[in-house]
Amino acid sequence: MKTAIAEFETKSSAIPLELKAVGDDGVIEGYGSVFGAVDSYGEVVQPGAFVDSLVEARRKGRKIKMLYQHDPRRPIGLWEDLAEDNKGLYCKGRLLKDKVTDAKEAYELVKAGVLDGLSIGYRTIEAAPHPDKQNVLMLKKLDLFEISIVTFQACEPAKIQSVKAAALPLIQKLMAGDRLSLREWEALLKAGPFGLSNSQAERAVRVNLKHGQGDPDTTALAFLEALRTH
């Protein structure tokens, strides 16, 4: 069974950055994806999933982007070595900490242990049901676009958090200057980089938006700022 899914997804690795590799030159390394780990959406990346995408990117001269928190407006460095090994997608790159403000911030946070995760941005090209595990989908071929340094705490593989494509149209709506409904805010908080549970998202909207006073635009901006700083 082949499944072509025209959506953009992100997935965090269960293995943190190798902090011993973070030097004064801004070089970092770790794994953007780990083979065989079933995530909280019941998906597992298979060996070989990235090979075609990496080969095609090299052939076309397309760079896999290094982003900060999956934000396309915040590139922070260069991936200089990407390859599959027996563990997963190995990543080695360099933060441009002397040239980019966000990169310097990320560098300091990685060294301090505040940021310790990598997360991939991709499209699913081929997938199939797992032959031995019910309700588990094997991701057999992925089109890799970017690898982000993210806020992430190590957890068991079955509890890996994924950021689904449901957030993208909502983010695009915000960037276009349009207002979100309360339900759309809830959906964004659950699907987007905040990764809140259903109850957490509903409470956040109820406390911060439903009873907000004054101009709705000002309320929404204050809400986003509060989320960013906590």
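Residues numbered from 1 in each chain as written. Predicted model: local features only at pLDDT ≥ 70, side-chain atom pairs only at ≥ 80, totals over all residues. Heavy atoms only, no water.

Moving on to the overall build of the protein. When you go through the protein residue by residue, the secondary structure sums to six helices and nine strands. Looking at the protein as a whole, 43% of its 230 residues qualify as buried. For the protein, the share of sequence-separated contacts (at least 6 apart) that also reach a separation of at least 24 residues comes to 66%. Summed over all atoms, the accessible surface of the protein reaches about 12600 Å², with 52% contributed by carbon and sulfur. (Helix = DSSP H or I, 4+ residues; strand = E, 2+ residues; numbered from the N terminus. Buried < 20%, exposed > 50% of the residue type's maximum accessible area, 1.4 Å probe, protein only. Contact = heavy atoms within 4.5 Å. Areas by Shrake-Rupley, 256 points an atom, 1.4 Å probe, with all protein chains shown as cover.)

All chains considered together, the criterion is met by ten salt bridges. Taking the shortest distance from any N to any O, the salt bridge between Glu 80 and Arg 94 comes out at 3.0 Å. A residue pair is termed long-range when its members are at least 10 positions apart, and Glu 80 in strand 5 (residues 71-84) and Arg 94 in strand 6 (residues 88-95) qualify at 14 residues. The partly exposed category is assigned to Arg 94, whose relative accessible area is 29%. With a shortest N-O distance of 3.5 Å, Lys 97 and Asp 98 are connected by a salt bridge. The exposure class assigned to Lys 97 is buried, which follows from its relative accessible area of 16%. What makes Asp 98 exposed here is its relative accessible area of 70%. (Salt bridge = Lys/Arg side-chain N within 4 Å of Asp/Glu carboxyl O.)

What follows deals with helix 1 (residues 51-60). Considered for burial, the residues of helix 1 that qualify are Ser 53, Leu 54 and Ala 57. Projected onto a plane normal to the axis of helix 1, the buried residues spread over an arc of 100° and lie on a single side. Buried positions along helix 1 lie against strand 5, strand 6 and strand 8 (137-150). One or two residues past the end of helix 1 sits Gly 61, with phi positive at roughly 70°. (Arc of directions from axis to C-beta.)

Further remarks concern the nonpolar core. General note: in soluble globular proteins, nonpolar side chains tend to be found buried as a group. Of all hydrophobic cores here, the largest spans 30 residues; its most connected members are Phe 50 and Ile 147. Secondary-structure elements contributing two or more residues to this core are helix 1, strand 4 (65-68), strand 5, strand 6, helix 2 (101-112), strand 7 (117-129) and strand 8. Among the elements that make up this core, the one with the highest residue count is strand 8 (five residues). If near-sequence neighbours (up to four positions away) are discounted, Ile 147 is found in contact with Ile 64, Lys 65, Met 66, Leu 67, Trp 79, Leu 82, Leu 89, Cys 91, Leu 118, Ser 119 and Ile 120. In terms of nonpolar packing, the next biggest core, distinct from the first, is built from eight residues, Leu 188, Leu 189, Ala 201 and Val 205 among them. (Core = buried A, V, L, I, M, F, W, Y, C linked by side-chain atoms within 4.5 Å.)

Turning to the packing of aromatic side chains, a few remarks are in order. One pass over the structure, following the stated rule, counts one aromatic pair. Taken together, a centroid distance of 6.0 Å and an interplanar angle of 70° make the contact between Tyr 31 and Tyr 90 edge-to-face. Here Tyr 90 lies in strand 6 and Tyr 31 lies in strand 2 (residues 27-34), a separation of 59 residues in the sequence. Of the residues examined, Tyr 31 reaches a relative accessible area of 7% and is grouped as buried. Relative accessible area serves as the criterion here: at 16%, Tyr 90 is assigned to the buried category. The ring of Tyr 107 has Lys 97 lying over it, and the distance from NZ or CZ to the ring centre is 4.9 Å. (Phe/Tyr/Trp six-rings, centres within 6.5 Å; stacked < 30°, edge-to-face > 60°. Lys NZ or Arg CZ within 6 Å of the ring centre and 35° of its normal.)

Attention now goes to the layout of surface pockets. For the second largest pocket, the calculated volume is near 210 Å³. Secondary structure elements with two or more residues in the lining of the second largest pocket: helix 1 and strand 5. No other element matches the four residues that strand 5 contributes to the lining of the second largest pocket. When grouped by side-chain class, the residues that make up the lining of the second largest pocket number five nonpolar, one polar and five charged. (1 Å grid on protein atoms, 1.4 Å probe; cavity = no way out; pocket = protein on both sides within 12 Å on 5 of 7 lines; lining within 4 Å. Points joined across faces, edges and corners; volume = space filled by probe spheres on them. Nonpolar A, V, L, I, M, F, W, Y, C, P; charged D, E, K, R; others polar.)

Positive phi, close to 65°, is recorded for His 70, a residue that is not glycine. Residue placement: His 70 occurs in the loop between strand 4 and strand 5. A positive phi angle is found at Asn 135, which is not glycine, with a value near 60°. In this structure, Asn 135 sits in the loop between strand 7 and strand 8.

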